[in-house]
Amino acid sequence: MAAAVQTPADAGETKSWDLDPVLTVEHLTMRFGGLVAINDLSFNVGRGEITALIGPNGAGKTTVFNCVTGFYKPTEGRIAMRHGLGQQAQTVSEVTHSSLKWKPSPEGAVFLLERMPDFEISHHAKVARTFQNIRLFGGMTVLENLLVAQHNPLMRASGFTLGGILGLPGFRKAEQASIDKAVYWLEQVRLIERADDPAADLPYGDQRRLEIARAMCTEPHLLCLDEPAAGLNPRESHELNELLQFIRREHGTSVLLIEHDMGVVMEISDHIVVLDYGVKISDGDPAAVKTDPSVIAAYLGVEDEDLAEKPEVASIVVEALGEEAAEEAGIEIPPARKNGGDK
Amino acid sequence: MAAVNNAAVNTAAVDPNSLQASLKDALLAALLAGALGLFFLGIRTDIAPGGLAVRTRWGLLLTAMAIVFAGRLLLNLFVFKTKRPVTRAISGSMAGTGSALPTLGWWMGRGLFGFALVLPFFFMTFFPGQQRQYIDLAILIMTYIMLGWGLNIVVGLAGLLDLGYVAFYAVGAYSFALLATNFEFIGFWTALPLAGLLAAFWGMILGFPVLRLRGDYLAIVTLAFGEIIRVVLLNWYDFTGGPNGISGIPKPTFFGLEFSRGEGGFADFFGIEFNSIHRFVYLYYIIFILAIITNIVTMRLRRLPIGRAWEALREDEIACRSLGINTTNTKLTAFAIGAMFGGFAGSFFATRQGFISPESFTFLESAIILAIVVLGGLGSQIGVVIASIVMIGGIELLRNIGFLSQIFGPGFDPTQYRMLIFGLAMVLIMVWKPRGLVSTREPSAVLKEKKKIGADMVAQGEGH
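Residues numbered from 1 in each chain as written. Chains lettered and ligands numbered in written order. Predicted model: local features only at pLDDT ≥ 70, side-chain atom pairs only at ≥ 80, totals over all residues. Heavy atoms only, no water.

### Some words on the overall build of chain A
Each helix and strand in chain A was counted, giving 17 helices and 11 strands. Put simply, chain A has 343 residues, and 55% of those count as buried. Long-range contacts, defined as pairs at least 24 residues apart, comprise 64% of the intrachain contacts of chain A with a sequence gap of at least 6. Accessible surface, chain A as shown: approximately 14,500 Å² in total, 53% of it carbon and sulfur. (Helix = DSSP H or I, 4+ residues; strand = E, 2+ residues; numbered from the N terminus. Buried < 20%, exposed > 50% of the residue type's maximum accessible area, 1.4 Å probe, protein only. Contact = heavy atoms within 4.5 Å. Areas by Shrake-Rupley, 256 points an atom, 1.4 Å probe, with all protein chains shown as cover.)

Laid out in structure tokens, this is it:
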């Protein structure tokens, strides 16, 4: 299975995410006591791209997120975040061999996330995240939620509170700017009408969008979304797609997302990494991953050889991936299914 | 189908809310009371010559049954077996999420402030006989309001349950007392900021190890720290005077003028007749201004990023960290600023009393301050004021209820029952207003329209 990490066709060419990675995860291992949640995982997230991390339940996707955003300290491995173009290999190796957490480089800066506490990752390395179970400040208004996200610039502007207490004009200006930014994001996620309502009052889909807006208010270079489409109806998940495209296009933010909704994943991702039992089983563009037999096997929990023999399994594959992809992967489409499709 | 119809007819025939049902239920309760009380109330054995004599007390038993009958009937008619229970009407009127309350609260705040501003003169004009007693009580209430506002930063805004707040009150009081008694040149006004700073410093020192803990553990450790401070004060005899405390703490001066009789005093300087009440009025205004400063600073901080971060911390600590907020520092600032105001109040306490000892800083004080904050409504400034007046003023009011001793006999002292009344009041408030008297939250930033946030949305933070 491990041999199928790259299909032979991909082996020759170098992918964009390897040339200009915003984040590289190398040999990441996370153990909880005796349980190995992630085992020697390496992948890159391309700058300005949307990268999806998929896999069956319990594959370790959220653990990867928690390692990247500093909520877990990885047992082993290096997680390097780069501001500025290119691989910056020189600086990465310099920081790794020093005891520094990060270092400016000619192109920008390099951050070793596994050495940084969670709040510094958001503050300095500019990695923002959302949560699988939405974590908004429910008792605060929508506007306040977005202002809390701008805590660090506002703290500096308020002279670490002293200037703010005295009411210095510099702080007022900064506060107005932060409200303007909040208004901008509220307009983008179409929540401007509800700016003064408590966040807990919003319907589920709006809360998901608000959480993304809140993460974007920290001006991240990398936005990590943990199942952003969970619980959304088809129209809402279509809007989510557009929002993510907008964020990438207008703000140049790279996006790393965990998602179960294959419709969303296949439509918007440039790059897909597939995990199973903490191990990477596939890595490539959507077309390559879709037809990778090991991915299909992992999703259905069967060995490759079993696939062709079991028509009921085959029909599930067809349903999940579409007929074309299934045919490409060498799965025989059951006749019953074909008839059904004609209707 | 027929069975369903039958059932419907049956339920219609026996209305559970009818007078008949209520009477029947009350009668049943009375009979039950009679059966249970037969041996406890109805029959009594007395020691008589040659053994025990059985004595019957049917009158008592019948009275008990009548009381149960009447009580049950009233409860049935107004609470249990009615479509509109009185309790719901009361709690409904107290919930007050309607639009009338914000303006009511606004006016109430202005009204209370106005009254507090002229309070000493009010009592001097209308109650000249008891002016000293009343102004002293006002000073006490104002001290608790200030302490409540200080603790409100930690518990109400940052959501950290602190059971040892009295430690900072003690640090402030002892800082002032020790500074003022050991150094001639340090008076109240120079010692006040020092005491506040020292209390804030202790808040940080205690905060560092404590703030890694969460929820119930945090509450227990702050409780322990409160006790440690008190025990250290009690046992460090050479420095603090141990159980003897510190006496001879100087009184505050008015720009160097002492409130004393004769040459060079306040009255002499202004050419007015000396009156011992001047000092009380002056003390009242000191604590009033200190409390108002506490309130203004707290309200300001709420609108600043640090205050917003406190409230966000109360709502969700993990989300805070994902947004780049250093939660340890944020908690420490809440602890330190809360402790600082506690320290100010402590040094005022020391100068007012002129004598302090560790006995004034027991856990009961922490509990009372916390009760004021919780009853008033976490995070609500006006709620703290109301709760202080009710709780501190209420206890003092009990001392003045003379008519109760005419009913319960001359040995009855209502103050003996204050803890009982306290407990009862708390249970009642927690039943009807579980989030405190004023539980709505005002947003700290508004785009178009200011809307109050209902208590059910607002998280209460750690350990609640």
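Back to the write-up after that little detour.
### What about the side chain of E236(A)?
Residue placement: E236(A) occurs in helix 10 (residues 234-251). Beyond its immediate stretch of four places on either side in the chain, E236(A) contacts G205(A) and G231(A).

### Focus on the environment of A291(B)
All names here are of chain B. Following the sequence through the fold, A291 ends up in helix 12 (residues 277-303). When its relative accessible area of 1% is taken as the criterion, A291 is described as buried. C-alpha of A291 to C-alpha of M146: the two residues are 145 residues apart in sequence and 4.8 Å apart in space. Sequence-distant contacts of A291, that is, excluding residues within four places in its chain, are made with M142, M146 and W149.

### Describing the pattern of salt bridges
Using the criterion set out here, one finds 29 salt bridges over all chains in the structure. Of the charged contacts in the structure, one is a salt bridge between E239(A) and R190(A), with a shortest N-O distance of 2.6 Å. Pair noted here: E239(A) is in helix 10 and R190(A) is in the loop between helix 8 (169-188) and helix 9 (204-216), with a separation of 49 residues, a long-range link. Between R55(B) and D46(B) there is a salt bridge, with the nearest N and O atoms lying 2.6 Å from each other. Its relative accessible area of 21% is what places D46(B) among the partly exposed residues. (Salt bridge = Lys/Arg side-chain N within 4 Å of Asp/Glu carboxyl O.)

### Examining the pairing of strand 2 (residues 35-46) of chain A
Within a regular strand, side chains alternate between the sheet's two faces. All names here are of chain A. With 8 bridges connecting them, strand 1 (residues 21-32) and strand 2 associate as antiparallel partners. Directly across from R31, in strand 2, lies its bridge partner V36. The antiparallel pairing of strand 1 with strand 2 creates a hairpin that spans 2 residues between the two strands, and G33 there sits at a positive phi of about 60 degrees. (Pairing = 2+ DSSP bridges.)

### Some thoughts on the sheet that holds strand 10 (residues 271-276) of chain A
Residues and elements named next belong to chain A. Pairing within the open sheet is mixed, and its 6 strands lie in the order 7-8-9-3-10-11. Sheet topology places strand 7 (127-129) and strand 11 (279-284) at the edges, where each strand pairs with a single neighbour. When the angles between neighbouring strand axes are averaged without regard to direction, this sheet yields 15 degrees. Of the strand pairs in this sheet, strand 7 and strand 8 (residues 222-226) are connected by 3 bridges, and their pairing is parallel. Of the residues in strand 8, the one forming a bridge with R129 is C224. (Axes fitted to C-alpha atoms, helices over the stretch in contact; angles between N-to-C directions.)

### Some thoughts on the packing of helix 8 of chain A against helix 10 of chain A
Residues and elements named next belong to chain A. For the pair helix 8 and helix 10, interaxial distance at closest approach is 11 Å and the crossing angle is 135 degrees. Classified by the angle their axes make, helix 8 and helix 10 are oblique. Where helix 8 abuts helix 10, its residues Y184, W185 and Q188 lie against L243, F246, I247 and H251. (Parallel < 35°, antiparallel > 145°, perpendicular 65-115°, else oblique.)

### Considerations on the confidence of the model for chain B
Residue and element names in this part refer to chain B. For chain B, per-residue confidence averages 81 on the pLDDT scale, and residues scoring 70 or more make up 87% of the total. Predicted confidence for residues 1-12 stays below pLDDT 50, and this span has 0 contacts to residues more than four positions away or in other chains. Below pLDDT 50 for its whole length, residues 95-100 participates in 2 contacts with residues either more than four positions away or in separate chains. (pLDDT = per-residue confidence, 0-100.)

### Remarks on the environment of Y417(B)
Residues and elements named next belong to chain B. Tracing the chain through its elements places Y417 in the loop between helix 18 (403-408) and helix 19 (418-432). Residue classification places Y417 among the partly exposed residues on the basis of a relative accessible area of 40%. When the C-alpha positions of Y417 and I395 are compared, they lie 9.5 Å apart, and in sequence the two are 22 residues distant.

### Quick look at helix 6 (residues 131-157) of chain B
All names here are of chain B. Between its terminal C-alpha atoms helix 6 stretches 37 Å, which fits the 39 Å expected from 27 residues at 1.5 Å a residue. At L151, helix 6 shows its largest kink, close to 40 degrees. G159 lies just past helix 6 and shows a positive phi near 70 degrees. (Expected span 1.5 Å × (residues − 1). Bend = angle between axes of the 7 residues up to and from the residue.)

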